[in-house]
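Analysis of the macromolecular model
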Amino acid sequence: QVQFVESGGRSVQPGESLRLSCTMSGCDRCAMGWFRQAPGKEIEFVVSINVVGDSVYYADFARGRFTASRDRGENTVNLLMTNLRSEDTAVYLCAAKDGLGVHTRAYAYRYWGQGTQVTVSS
């Protein structure tokens, strides 16, 4: 059984930084990703990182502001988000997919965490 422990979500002001963490258990050969869902909107891809942590793919809005990392062979993915904007407000969901490589589509991810709320507001 695949399980997740997500943490780090909280309220911050615009321009501040936040680090999310996701630890997965139950799958040793799963790529991982972060998605987000704002109220009334569809789920949106944020970043995907492969099993060994040396291939990372970002959504356009995340590139340059967000940094994902995963230690080789570890099942913890950290997401450092900088220069946060109000439009980054969402529930951030950690997910895992069978297979080693990255993927940008939600349908490719079989396993999902409960999510952690990020609110950016002045």
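To start, this report covers the structure provided alongside it.

Quick notes on the rules
Residues numbered from 1 in each chain as written. Predicted model: local features only at pLDDT ≥ 70, side-chain atom pairs only at ≥ 80, totals over all residues. Heavy atoms only, no water. Helix = DSSP H or I, 4+ residues; strand = E, 2+ residues; numbered from the N terminus. Buried < 20%, exposed > 50% of the residue type's maximum accessible area, 1.4 Å probe, protein only. Polar contact = N/O pair within 3.5 Å; in protein donor to acceptor, adjacent residues only side chain to side chain. Contact = heavy atoms within 4.5 Å. Pairing = 2+ DSSP bridges.

Turning next to the side chain of S48. As for its position among the elements, S48 is in strand β5 (residues 44–49). With a relative accessible area of 1%, S48 lands in the buried category. At 2.8 Å, the side chain of S48 forms a polar contact with the side chain of Y109. Residues within four places of S48 in sequence aside, it is in contact with M32, G33, S55, V56, Y57, V102, H103 and Y109.

It is worth spelling out the environment of E44 at this point. Looking at the element boundaries, E44 is found in strand β5. Judged by its relative accessible area of 33%, E44 is partly exposed. With 22 residues separating them in the primary sequence, E44 and C22 have C-alpha atoms 17 Å apart. Setting aside residues up to four positions removed in sequence, E44 forms contacts with F35, R36 and F61.

Burial within strand β4 (residues 30–37) is extensive, with seven of its eight residues counted as buried. Relative to strand β9 (residues 90–98), β4 runs antiparallel, the two sharing eight bridges. When the bridges of β9 are listed, Q37 appears paired with V91. Counted between consecutive antiparallel strands, the loop separating β4 from β5 contains six residues, among which G40 sits at a positive phi close to 75°.

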